[in-house]
Amino acid sequence: MVYGAIEAGGTKFVCAIGDNELNITKRASFPTTTPEETMKLVIDFFKEYQTELESIGIGSFGPIDIHRDSPTYGYITSTPKLAWQNFDFVGTLKKEFDIPMAWTTDVNAACYGEYIAGEGQGFSSVVYYTVGTGVGGGALQDGVFVEGFSHPEMGHMLVRNHPEDSFEGNCPFHKTCLEGMAAGPAMEKRAGKKGQDLAEDDPNWDIEAYYLAQCAYNTTLMLSPDKIILGGGIMKQKQLMPKIYQAFEELMKGYVKTPKLEDYIVTPELGDNAGTVGCLALARDSKLHS
């Protein structure tokens, strides 16, 4: 069996071919420019496998329309990336490949990857956040995405300002939401330099950990998941997790007894492959085929 994966990010698209065991056999990356340019590269990538492809799993930046009975199902909708607003993503691919396609958000796909083959294996309830250029979240309960009229926008939960943080927030919609305070651009504006250029003992990491601890606190009280997985570029800073654990305990004040924090709030086992593996797994999962 040959499956396709498209991890459609705001900066780049990662396309991959994989097998039934979710082994990635071929991968390519393309910059996210315009639909005309980027989708041509995507389509050309998969055409080599056109006669073999069983299905394609797509995890896209959003917001997206996830409702199958909607006239705009498969569209990227009100994204800040103007060229992609109201773009018929699934429909464009269907014109070239008449095969089943699974369609969800990029962070849902990463959550599914960790649920199937990473830190979430063997657990019924898993939440995944990506913390990078933006902040997004996805949740699974017994293998089904938690969603209603739309997919969650967990990255825009409101958070309290750190006592020593006067930053006004970077989100154009909500200013001091989680993304507005903790995403990479927010860190850069606050500190005057990119996070990767900050020293490990820079106090800005304490501020960052405080917001991510609030994220984990809110998630714990709302969903009580078995695992909270924090991925994305910012979480590659190894000094963050101990700070998050400390701030989380201070916020929780013993109100809820969680599993051991080192086992409960974790980074992705699959690393940067979580989204691609998740897309392959979605493609393989016939229950989610359209």
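Residues numbered from 1 in each chain as written. Predicted model: local features only at pLDDT ≥ 70, side-chain atom pairs only at ≥ 80, totals over all residues. Heavy atoms only, no water.

**Here's the deal with the pattern of salt bridges**
- Scanning all chains against the criterion turns up eight salt bridges.
- Across the pair D44 and K40 runs a salt bridge, and its minimum N-O distance is 2.9 Å. Of this pair, D44 and K40 both sit in helix 1 (residues 35–47), four residues apart, which is roughly one turn of that helix.
- The exposure class of K40 is exposed, given its relative accessible area of 52%.
- Here R190 makes a salt bridge to D165, at a shortest N to O gap of 3.1 Å. (Salt bridge = Lys/Arg side-chain N within 4 Å of Asp/Glu carboxyl O. Helix = DSSP H or I, 4+ residues; strand = E, 2+ residues; numbered from the N terminus. Buried < 20%, exposed > 50% of the residue type's maximum accessible area, 1.4 Å probe, protein only.)

**Some thoughts on the sheet that holds strand 1 (residues 2–8)**
- Judged by pairing direction, the sheet is mixed, and its five strands sit side by side in the order 3-2-1-4-7 without closing on themselves. Every interior strand has two partners, whereas the edge strands, strand 3 (24–31) and strand 7 (101–105), have only one. Across this sheet, the average inter-strand angle for adjacent strands is 15 degrees, counted without regard to direction.
- The sheet contact formed by strand 2 (residues 12–18) and strand 3 spans seven bridges and is antiparallel. Note on strand 3: the bridge partner recorded for G18 is I24.
- Sheet contacts for helix 1: strand 1, strand 2, strand 3 and strand 4 (53–60); angle to strand 2, the most-contacted strand, approximately 10 degrees.
- With respect to the sheet, helix 3 (residues 106–117) is in contact with strand 1, strand 4 and strand 7, its orientation differing from that of strand 7 by roughly 105 degrees. (Pairing = 2+ DSSP bridges. Axes fitted to C-alpha atoms, helices over the stretch in contact; angles between N-to-C directions. Contact = heavy atoms within 4.5 Å.)

**A word on unusual backbone geometry**
- The omega torsion across G62 and P63 is 5 degrees, close enough to zero to call that bond cis.
- Tracing the backbone through its elements, the reader meets P63 in the loop between strand 4 and strand 5 (75–76).
- Residues other than glycine seldom take positive phi values, yet K175 does so here, at roughly 60 degrees.
- The topology assignment puts K175 in the loop between strand 10 (144–145) and helix 4 (178–182).
- K175 gets classed as partly exposed once you look at its relative accessible area, which sits at 49%.
- Its identity is not glycine, yet K253 carries a phi of approximately 55 degrees, on the positive side.
- Its location among the elements puts K253 in the loop between helix 7 (240–252) and helix 8 (261–264).

**Things to note about the sheet that holds strand 9 (residues 135–141)**
- As summarised here, the arrangement of the five strands in space is 10-9-8-11-12, forming an open sheet in which the pairing is mixed. Edge positions in the open sheet fall to strand 10 and strand 12 (265–266), since each of these has one partner strand only.
- When strand 8 (residues 125–131) meets strand 9, the two strands line up antiparallel, connected through seven bridges. Among the inter-strand pairings, Y129 is bridged to a residue of strand 9, identified as G137.
- Set on the sheet, helix 3 makes contact with strand 8, strand 9, strand 10 and strand 11 (227–231); between it and strand 9 the angle comes to about 45 degrees.

**Some details on the pairing of strand 8**
- With six of seven residues buried, strand 8 lies mostly within the body of the structure.
- Where strand 8 folds back on strand 9, the antiparallel hairpin that results is connected by three residues.

**Details of the packing of helix 5 (residues 184–191) against helix 6 (residues 204–223)**
- Two numbers describe how helix 5 lies on helix 6: the axes approach to 11 Å, and their chain directions differ by 145 degrees. Two packed elements cross with a definite hand, and for helix 5 against helix 6 that hand is right-handed. Residues M187, R190 and A191 of helix 5 lie in contact with helix 6, whose contacting residues are N204, W205, I207, E208 and Y211.
- Counted by class, the contact of helix 5 with helix 6 contains five nonpolar, one polar and two charged residues. (Left-handed = near helix turned anticlockwise from the far one by under 90°. Nonpolar A, V, L, I, M, F, W, Y, C, P; charged D, E, K, R; others polar.)

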